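Remarks on the overall topology
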2 protein chains.
Amino acid sequence: MFKIPKHQVAGHQAIDGNLGPLVDDSGRFYKPLQDDERGTTELAFYQSFSSKLPHHIRGFFPVFYGTQLVEASDGSGLHPHLVLQDITSNHLNPSILDVKIGSRTWYPEASEDYIQKVLEGDRLTTTVTLGFRISGLQIYESKESGYWKPARKEVKSFSADNVRLVLRKFVSLNLEPEPDCCFASTIYGGCSGILEQLLELKAWFEDQTVYHFHSCSLLLLFDKESVLNGRTVPFKVKLIDFAHTVEAKGVIDHNFLGGLCSFIKFVSEVLTDFKVPTIEARFN
Amino acid sequence: MFKIPKHQVAGHQAIDGNLGPLVDDSGRFYKPLQDDERGTTELAFYQSFSSKLPHHIRGFFPVFYGTQLVEASDGSGLHPHLVLQDITSNHLNPSILDVKIGSRTWYPEASEDYIQKVLEGDRLTTTVTLGFRISGLQIYESKESGYWKPARKEVKSFSADNVRLVLRKFVSLNLEPEPDCCFASTIYGGCSGILEQLLELKAWFEDQTVYHFHSCSLLLLFDKESVLNGRTVPFKVKLIDFAHTVEAKGVIDHNFLGGLCSFIKFVSEVLTDFKVPTIEARFN
């Protein structure tokens, strides 16, 4: 009944006997509860967020179904798991971007060892310079080529120009030799496109003093074939990973907000550079 | 002809034989050009900014009149100075806030020593937690009491609650026992108030990829007596200190923007908490 997720692009993975998340056929995602402070923090977040967030923002978070004892993927026996919505379910060939938002992923309340380790990672990636970094991705190319899914090491070493290229490839039918960006207007643009959703999230972050989301990711997902077939709800914007989400203590999450604004600028530049007709107009 | 500025609240001061800025009676401010990279960087900024910034943003920066050899305040002889607009001229008893914006004042291009030193300062002040810190201030109380001007050491140790109190005192006629915030609507609010100006600056920062302003300050200035006498232009919002302003390389200044949004939230909370009539309505 439980399976290794097919479309995981970042984080711990349940392969080679490691502890990692599982999915089932009913659209649920089982994330092993970490047995240190990170687990406590993430569980506390999921147990409280729906009562603390305004209605129009809740859709940016995976649905939380509680916790459940599940056979761990590493064979260590029953282990408590968070039961969450599987964001990739109902998507045949989803293209996915995992973007860790913020120009720092450490926070003052953390231990000195954690701060030093994480700060080093922030400086070695685009986190400090761009205010975000791509943590993982897969982009569906075609039935023949499958996915473009660069290795973690390659993703970690992405420069600003690599990020720009990824954001173009993400909304392209043909990735080579130059990404055609033919889905840009449909996916990034429009009144319910990704950019509009990011702006809605930004407006909330300008005001909210409930949570500070450290080391949290924005997951962008869409299914090229669904768009080509004219199916509805072709894409999603979700926030995931709350093991370092702490109380805001009356201050906005300026770290997340600044990084989000930077990411928004990168996305909007793809739209500005590729003012092409929407995919519907081109294929009809 | 050259004098020590009366209303300097932060930075190097030309007292006790030290090298510091000077002013004259014609409304000019002479800032000694630092003879290392900081001086080169600040001069390059002042020489280029007016051609690189949109017209409506230039007013946020002091007017630049070039450089001039001036007798240094430390008695070391002629020294090149930046000749700038004296923002405090024409103000009899200005209340001033110097707010260093950004959740980090270091930047990747700096030396490792500089980064470690500055990061420590960021962690010891509100820079990391609030996304900005108050670097200095003076608040005019009355003819009898003069200014409330806490010592640098006290300012450095400000908590979030201290910052909230300062922002209330800044727009109060009576600071004790509780700041009355009777200037809040006039100074922070209204269609040309400080909040509106900060929002204009924010809109520019969401888009501009010209400069990254590290360790740059927002100077807020207003003259209580001018407001009470109904004189125009009672307050100013200026950016100062560009010794660490570097090229943006196509990325928005997410560090400054995040901090600015946090500061805007603090200012707007004073307005929300003190919905009092404008000062004109109260005194007419």
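Residues numbered from 1 in each chain as written. Chains lettered and ligands numbered in written order. Predicted model: local features only at pLDDT ≥ 70, side-chain atom pairs only at ≥ 80, totals over all residues. Heavy atoms only, no water.

Describing the overall build of chain A
A tally of helices and strands in chain A yields 11 helices and 11 strands. The C-alpha atoms of chain A give 19 Å as radius of gyration, which agrees with the globular expectation for 284 residues (19 Å, within 12%). For chain A, the spread of C-alpha atoms along the three principal axes comes to 50 × 45 × 40 Å. For chain A, the residues scored as buried account for 58% of the 284 residues in total. In chain A, 29 side chains carry a positive charge and 35 a negative one; their mean positions are 2 Å apart. (Helix = DSSP H or I, 4+ residues; strand = E, 2+ residues; numbered from the N terminus. Rg over C-alpha atoms; globule rule 2.2 N^0.38 Å. Buried < 20%, exposed > 50% of the residue type's maximum accessible area, 1.4 Å probe, protein only. Lys, Arg positive; Asp, Glu negative; His and termini not counted. Charge placed at Lys NZ, Arg CZ, Asp CG, Glu CD.)

Brief notes about the sheet that holds strand E10 (residues 235–240) of chain A
All names here are of chain A. Judged by pairing direction, the sheet is antiparallel, and its 5 strands sit side by side in the order E7-E6-E5-E9-E10 without closing on themselves. In this open sheet, the two edge strands, each paired with only one partner strand, are strand E7 (146–148) and E10. When strand polarity is set aside, the average angle formed by the axes of neighbouring strands in this sheet is 15 degrees. Bridge count for strand E6 (residues 132–142) against E7 is 3 bridges, and the pairing is antiparallel. Bridge pairing links Tyr140 to Tyr147 in E7. Sitting on the sheet, helix H8 (residues 194–205) is in contact with strand E9 (217–223) and E10, with an inclination near 30 degrees to E10. (Pairing = 2+ DSSP bridges. Axes fitted to C-alpha atoms, helices over the stretch in contact; angles between N-to-C directions. Contact = heavy atoms within 4.5 Å.)

A short note on the pattern of salt bridges
Within this structure, the stated rule accounts for 26 salt bridges over all chains. Between Glu206 of chain A and Lys202 of chain B there is a salt bridge, with the nearest N and O atoms lying 2.9 Å from each other. Here Glu206 of chain A, found in the loop between H8 and strand E8 (211–213), pairs with Lys202 of chain B, found in helix H8 (residues 194–205), and the two come from separate chains. Here the salt bridges share partners, and the residues they tie into one network are Lys202 and Glu206 of chain A together with Lys202 and Glu206 of chain B. (Salt bridge = Lys/Arg side-chain N within 4 Å of Asp/Glu carboxyl O.)

Some details on the interface of chain B and chain A
Between chain B and chain A, the residue contacts involve 31 residues of the former and 31 residues of the latter. Summing both sides of the interface, chain B and chain A together bury roughly 2,300 Å²; the carbon and sulfur share of this comes to 57%. Of all residues in chain B, the largest losses of buried area upon contact with chain A belong to Arg123, His254 and Lys265 of chain B, amounting jointly to 24% of the total for that side. Residue Glu112 of chain B pairs with Arg123 of chain A through a salt bridge whose shortest N-O separation is 2.9 Å. Across the contact surface, chain B and chain A share 14 residue pairs in polar contact (both at pLDDT 80 or more). When residues of the side of chain B that touches chain A are traced back to their parent elements, those giving at least two are helix H3 (112–124), helix H4 (127–130) and helix H10 (254–273) of chain B. No other element matches H10 of chain B, which puts 9 residues into the side of chain B that touches chain A. (Buried area = accessible area lost by both parts, 1.4 Å probe. Polar contact = N/O pair within 3.5 Å; in protein donor to acceptor, adjacent residues only side chain to side chain.)

Things to note about the sheet that holds strand E6 (residues 132–142) of chain B
Residue and element names in this part refer to chain B. Pairing within the open sheet is antiparallel, and its 5 strands lie in the order E7-E6-E5-E9-E10. The open sheet is flanked by strand E7 (146–148) and strand E10 (235–240), the only strands paired with a single partner. Put simply, the sheet's adjacent strands are angled 15 degrees from each other on average, direction ignored. As paired elements, strand E9 (residues 217–223) and E10 share 6 bridges and run antiparallel to each other. Opposite Phe222, over in E10, you have Phe235 as the bridge partner. Against the sheet, H8 touches E9 and E10, its axis set at about 30 degrees to E10.

Looking at H8 of chain B
Residues and elements named next belong to chain B. For H8, with 12 residues, the first-to-last C-alpha span of 16 Å sits near the 16 Å given by 1.5 Å per residue. By the burial criterion, the buried members of H8 are Ile194, Leu195, Gln197, Leu198, Leu201, Lys202, Trp204 and Phe205. The inward-facing, buried residues of H8 abut helix H2 (55–58), helix H7 (184–187), strand E8 (211–213), E9, E10 and H10. (Expected span 1.5 Å × (residues − 1).)

Description of the nonpolar core
Where a protein is soluble and globular, its nonpolar side chains tend to be buried together. By size, the foremost hydrophobic cluster in this structure holds 128 residues, and its most contacted members are Leu218 of chain A together with Leu218 of chain B. Ignoring any residue separated from it by four or fewer positions in sequence, one finds Leu218 of chain B in contact with Leu97, Asp98, Val99, Ile101, Leu198, Leu201, Val237, Lys238, Leu239, Leu260 and Phe263 of chain B. (Core = buried A, V, L, I, M, F, W, Y, C linked by side-chain atoms within 4.5 Å.)

Focus: the packing of aromatic side chains
Under the criterion given, the structure shown has 54 aromatic pairs over all chains. Summarising the aromatic geometry, the rings of Phe45 of chain A and Phe61 of chain A are spaced 5.7 Å apart at their centres and angled 45 degrees between planes, so their arrangement reads as tilted. In this pair, Phe45 of chain A is assigned in helix H1 (residues 37–52) and Phe61 of chain A in the loop between helix H2 (55–58) and strand E3 (64–71), connecting sequence segments 16 residues apart. Accessibility classification places Phe45 of chain A together with Phe61 of chain A in one group, the buried group. Aromatic pair Tyr46 of chain B and Phe49 of chain B: ring centres 5.9 Å apart, planes at 80 degrees, arrangement edge-to-face. Pair noted here: Tyr46 of chain B and Phe49 of chain B are both in helix H1 (residues 37–52), with a separation of 3 residues, about one helical turn. (Phe/Tyr/Trp six-rings, centres within 6.5 Å; stacked < 30°, edge-to-face > 60°.)

What to know about the domain arrangement of chain A
Residue and element names in this part refer to chain A. Along its sequence, chain A is organised into domain 1 (2–85) and domain 2 (94–275). Centre-to-centre, using C-alpha coordinates, domain 1 lies 20 Å away from domain 2. In this assembly, 26 residues from domain 1 lie in contact with 26 residues from domain 2. Summed over both sides, the interface of domain 1 with domain 2 buries roughly 2,200 Å², with 63% coming from carbon and sulfur. Asp241 is paired through a salt bridge with Lys31; the nearest N and O atoms lie 3.0 Å apart. (Domains from an automatic or database assignment.)

Remarks on the relation of the copies chain B and chain A
Mapping chain B onto chain A leaves a residual RMSD of 0.0 Å; the transformation is a rotation of 180 degrees accompanied by 0.0 Å of translation along its axis. When the rotation and shift are considered jointly, the pair of chain copies conforms to a two-fold rotation axis. Proximity to the rotation axis, assessed at the C-alpha, singles out Gly258 of chain B in chain B; its C-alpha lies 2.1 Å from the axis. Looking at chain B, 100% of its interface residues are interface residues in chain A too, so the copies touch through the same face. (Least-squares fit on C-alpha atoms with pLDDT ≥ 70 in both.)

With respect to empty space enclosed by the protein
For the structure on display, the rule yields 3 cavities of 30 Å³ or more. Roughly 90 Å³ of volume is contained in the largest cavity. Tallied by class, residues from the lining of the largest cavity come to 6 nonpolar, 2 polar and 3 charged. Quantified by volume, the second largest cavity comes out at close to 40 Å³. The wall of the second largest cavity is formed by Ser103, His254, Asn255, Gly258 and Gly259 of chain A together with Ser103, His254, Asn255, Gly258 and Gly259 of chain B. Those elements that provide at least two residues to the lining of the second largest cavity are helix H10 (254–273) of chain A together with H10 of chain B. Here the lining of the second largest cavity is composed, by residue class, of no nonpolar, 10 polar and no charged. (1 Å grid on protein atoms, 1.4 Å probe; cavity = no way out; pocket = protein on both sides within 12 Å on 5 of 7 lines; lining within 4 Å. Points joined across faces, edges and corners; volume = space filled by probe spheres on them. Nonpolar A, V, L, I, M, F, W, Y, C, P; charged D, E, K, R; others polar.)

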